[in-house]
Amino acid sequence: MMRLRLRTKLTLSTALLTLAVVASLSAVYVARLTSLVIREANDRASFVTKQVFLQAQHALSDAAAQGRRPDSDSPQGVHEYVLRAFDQNAGLASVIDAALGYSQTIYEVTIVDHDGVALVSSDSSVLGRPVLRRTSLDNLARIGFFHQILVLYGPPRVYEVSFAFNLNREPFGEVRVGLSSVLLRDEVSPALRSAGLVVLGALIVSTLLAGVVSGFMLAPLTTISAQLDRISAGQYDPSPGQVPVFEGGGDELRQVSQKISQVGQQLRGVHEIFTTMRENLNQVMAGLEDGLLLFTSDSRAVMVSPAAQKFLGAPSDQFLGRCAPEIFPPGHPLRHALQFDGDGLHPVAAAEAEVPTPEGPKRVGVSVQVIAEKGTRMALVTLRDLDSLERIDTQLQVAERLSSITRVTAGVAHEFKNPLNSMRLWLETLKEALPKNQELPKQALEVLDNEIDRLDSVVKRFLTFTRPVEVRLEETQLADILKEVLNVARPQLERARVQSATLLPADVPPVNVDRQLIKQAIQNLVSNAVEAMPNGGKLSVVLSRRGDMAEIAIGDTGAGIPAEHRARIFQLFFTTRPGGSGIGLADTFRFIQLHNGSIDFNSEVGRGTTFRIELPLAL
């Protein structure tokens, strides 16, 4: 079906409305004219009947004056007398002929007796013969307009107007005037043609005027449509040259344009808010270790977190819009942990499955929460890496061990420090007392001296690590600290050919931290990340908000941490780097613990490592 443009619809509507109005007015005019023509014809016919009757009376008076009398008083004698009086009166014939010329609608004039036999008639063929009564013209005058038109333009018919008269106080006959529907139609037709021409002219003129006026009135809609096109394309703030200018100040189109501009500005704000929310959601989803899949009531996935990839073996966006049985088909490692009822999912409090990965089997915890509200049913599937949870538990144990070691080593270090000082003093005294020409004792003393220095260095590091740290909390924007650390590390990044990528949104609330301690912790992680990429790579630093916590994610594309080293990564003096002290990550762990925060990491051999720090927000 062809769709009409608004301008065409408006033009046709205006033209049809004008046509309806003009046609209605014309119909009323023609109806009144038709009724008037019929009434006038009826009046003229009535006048003619009376004139013919008067002349008939004169004919009878003239016959009486001339001494003519009926042959007998019988009805037959009177009838023949009247017939002779009418035939011999030239005035009566003249009046009948004049009546035919008086009105164009009069078809016939006849005088009949009480039996309907024609005595005198303009139609000589009916003289002496019975004439049937015709429909009265009053009936035609009383019916509706459309019926009148149907009669006038239907088959020819003759209507009559009659006038009854008496003779010797007895009903004798009638004067009948016949009127043809064809002759009546001839009088009405010019008016109908005129009305038709008026309607046609009005239709043509109204169509042209409507086309011109609608084109002029709807021209601003093109500009408004362009505004909407720009807004739909994301151009919420057009340049000054693109803003439509409507003359007239307060007309409706100007108001619509202004409202569209306001809507565009509101949409810009909504778009910015939505974009920020989507970025935050993506960041939150990207930072989740658990894989989340949200299914609608028809079991289609509407949300799949990026972490689900490591459980499902394919990018998360490939599962959007797919049904749960398609994502977890029969034979899938997670299928037996889920409870299906047809295509729908049933709640699962806790289940465990083993998923094969390139690094070996991975234990996965599975739970399903069903949310039903106001007739809507949704299912949230959570996939959790149980091995990672165990690793976190291991880190907690490391923290406890570090705390215990700190308490023990603080005393041990002091106990070592005093004997070492005494040993160094006596070693210097022994050096001075030893003869200069004895090489072997001299070499032995040098070895002892070096070992005492090394042991002294270890004790100093113990003391540094175990020394109580004074934490000076202040409200701080983590984005500022991250920028400072990256500025300091820029020369190191350039030398190592490492590219940095940062995402530091300004809407993350501040935290209450010791600025120097947190800065040192982040510097340790950045330095380790750069050293893990000796041949260049990419350093990513992302700041985000996760509930009441601020999260810092520092990732590299280095060699990764082997599985056998991950449980010891935060232990004091543990290092895999030649020349490393093994204190940096332990310090970082301790500094984060002092701020009631947490630190975790995930690593893949050959793909890199990402450390995540969480610190409470200053709410």
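Just so you know, these numbers come straight off a predicted model, no measurement behind them. Residue indices begin from 1 for each chain and proceed along its sequence in written order. Only residues with pLDDT of 70 or above have their local features reported here, since the model is predicted, and side-chain atom pairs are shown and tallied only from 80 upward, although totals for entire chains, interfaces and linings are computed over all residues. Calculation of side-chain values draws on the structure's entire complement of heavy atoms; hydrogens and water are dropped beforehand.

Draft legend 1. Structural view of the overall build of the protein. For the protein, the helix and strand inventory stands at 14 helices and 18 strands. With a 1.4 Å probe rolled over the protein chains alone, any residue whose accessible area is under 20% of its type maximum counts as buried; one over 50% counts as exposed, and the rest are partly exposed. The buried share among the 619 residues of the protein stands at 38%. Any pair of residues with heavy atoms lying within 4.5 Å of one another is described as a contacting pair. By sequence separation, contacts in the protein at least 24 residues apart represent 63% of the contacts at least 6 residues apart. Element-wise, carbon and sulfur atoms account for 56% of the exposed surface of the protein, whose accessible area totals about 35,600 Å². The helix and strand labels rest on DSSP assignments: H or I over at least four residues marks a helix, E over at least two residues marks a strand, and numbering proceeds from the N terminus. All accessibility values rest on the Shrake-Rupley procedure with a 1.4 Å probe; residue burial counts only the protein chains present in the view.

Draft legend 2. Local environment of the sheet that holds strand S15 (residues 537–546). Strands sit in the order S13-S15-S16-S18-S17 across an open sheet of five strands; the sheet is mixed. Single-partner strands in this sheet number two, and they are strand S13 (498–503) and strand S17 (598–604). Taken pair by pair, the neighbouring strands of this sheet meet at an average axis angle of 15°, ignoring direction. Following DSSP output, two strands are said to pair if at least two bridges run between them. Sheet topology places S13 next to S15; six bridges connect them, and they run parallel. For Ala-501, the partnering residue across the bridge sits in S15 and is Ser-540. Lying over the sheet, helix H12 (residues 478–495) contacts S13, S15, strand S16 (549–555) and strand S18 (608–616), oriented at roughly 175° with respect to S15. Only the stretch in contact is used when fitting a helix axis, every axis being a line fitted to C-alpha atoms; angles between N-to-C directions are given from 0 to 180 degrees.

Draft legend 3. Main features of the pairing of S18. Here S18 lies mainly inside the structure; eight of its nine residues are buried. Relative to S18, S16 is paired through seven bridges, and the arrangement is antiparallel. Following the sheet pairing, Glu-551 is matched in S18 by Glu-614. Of the strand pairs in this sheet, S17 and S18 are connected by seven bridges, and their pairing is antiparallel.

Draft legend 4. Structural detail: unusual backbone geometry. Unlike most non-glycine residues, Arg-497 shows phi in positive territory, near 55°. The residue Asn-596 is not glycine, and still its phi comes out positive at about 60°. The residue Asn-596 is located in the loop between helix H14 (584–594) and S17 in this model. With a relative accessible area of 64%, Asn-596 lands in the exposed category.

Draft legend 5. Structural context of the packing of helix H13 (residues 515–531) against H14. Where H13 meets H14, the axes come as close as 9 Å, and the angle between the chain directions of the two elements is 145°. Here the hand of the crossing between H13 and H14 comes out left-handed. Between H13 and H14, the contacting residues are Leu-517, Ile-518, Gln-520, Ala-521, Asn-524, Leu-525 and Asn-528 on the first element and Gly-584, Leu-585, Asp-587, Thr-588, Phe-591 and Ile-592 on the second. Residues were grouped as follows: Ala, Val, Leu, Ile, Met, Phe, Trp, Tyr, Cys and Pro as nonpolar; Asp, Glu, Lys and Arg as charged; and all remaining residues, including Gly, as polar. Here the contact of H13 with H14 is built from residues that sort into seven nonpolar, five polar and one charged. The sense of a crossing depends on the near helix, which, turned anticlockwise from the far helix by less than a right angle, makes the crossing left-handed and, turned clockwise, makes it right-handed.

Draft legend 6. Molecular detail of the sheet that holds strand S1 (residues 106–113). The antiparallel open sheet is built from four strands, whose spatial order is S2-S1-S4-S3. On the outer flanks of this sheet lie strand S2 (118–121) and strand S3 (158–167), each paired with one strand and no other. Going from strand to strand, the sheet's axes swing by 20° on average, the running direction of each strand aside. Note that S1 and S2 share three bridges and pair antiparallel. Bridging from a neighbouring strand, Val-112 pairs with Ala-118 of S2.

Draft legend 7. Fine view of the packing of aromatic side chains. Think of it this way: a Phe, Tyr or Trp ring, Trp meaning its six-membered ring, pairs with another when their centres are within 6.5 Å, and the plane angle makes it stacked under 30 degrees, edge-to-face over 60, tilted otherwise. In this structure the tally under the stated criterion is four aromatic pairs. Consider the rings of Phe-53 and Phe-163, whose centres lie 5.1 Å apart with planes at 55°: the pair is tilted. Residue Phe-53 is found in helix H1 (residues 6–65), and its partner Phe-163 is found in strand S3; the two are separated by 110 residues along the sequence. Taken together, a centroid distance of 5.4 Å and an interplanar angle of 35° make the contact between Phe-601 and Phe-611 tilted. Taken together, the residues span a long stretch of sequence, with Phe-601 in strand S17 and Phe-611 in strand S18 at a distance of ten residues. For Phe-601, a relative accessible area of 2% translates into the label buried.

Draft legend 8. Here's a closer look at the side chain of Asp-514. With respect to the secondary-structure elements, Asp-514 resides in the loop between strand S14 (511–513) and H13. For the purposes of these results, a polar contact is taken to be a pair of N or O atoms within 3.5 Å, where, inside protein, one atom must be able to donate a hydrogen and its partner to accept one; residues adjacent in sequence count only when each atom of the pair is a side-chain atom. Looking at Asp-514, its side chain comes within polar contact range of the main-chain nitrogen of Gln-516, at 3.1 Å. The residues contacting Asp-514, other than those within four sequence positions of it, are Glu-470, Val-471, Arg-472, Leu-473 and His-595.

Draft legend 9. Broad picture of H13. Taking 1.5 Å per residue, 17 residues should reach 24 Å; H13 reaches 24 Å between its end C-alpha atoms and fits that length. Listed in full, the buried residues belonging to H13 are Leu-517, Ile-518, Lys-519, Ala-521, Ile-522, Asn-524, Leu-525, Val-526, Ala-529 and Val-530. Backbone nitrogen of Gln-516 and a side-chain oxygen of the N-cap are separated by 3.1 Å at the start of H13; the cap is Asp-514. Multiply 1.5 Å by the residue count of a helix minus one, and that product is the helix's expected span.

In short, the description is geometric, and any link to function would need to be established separately.
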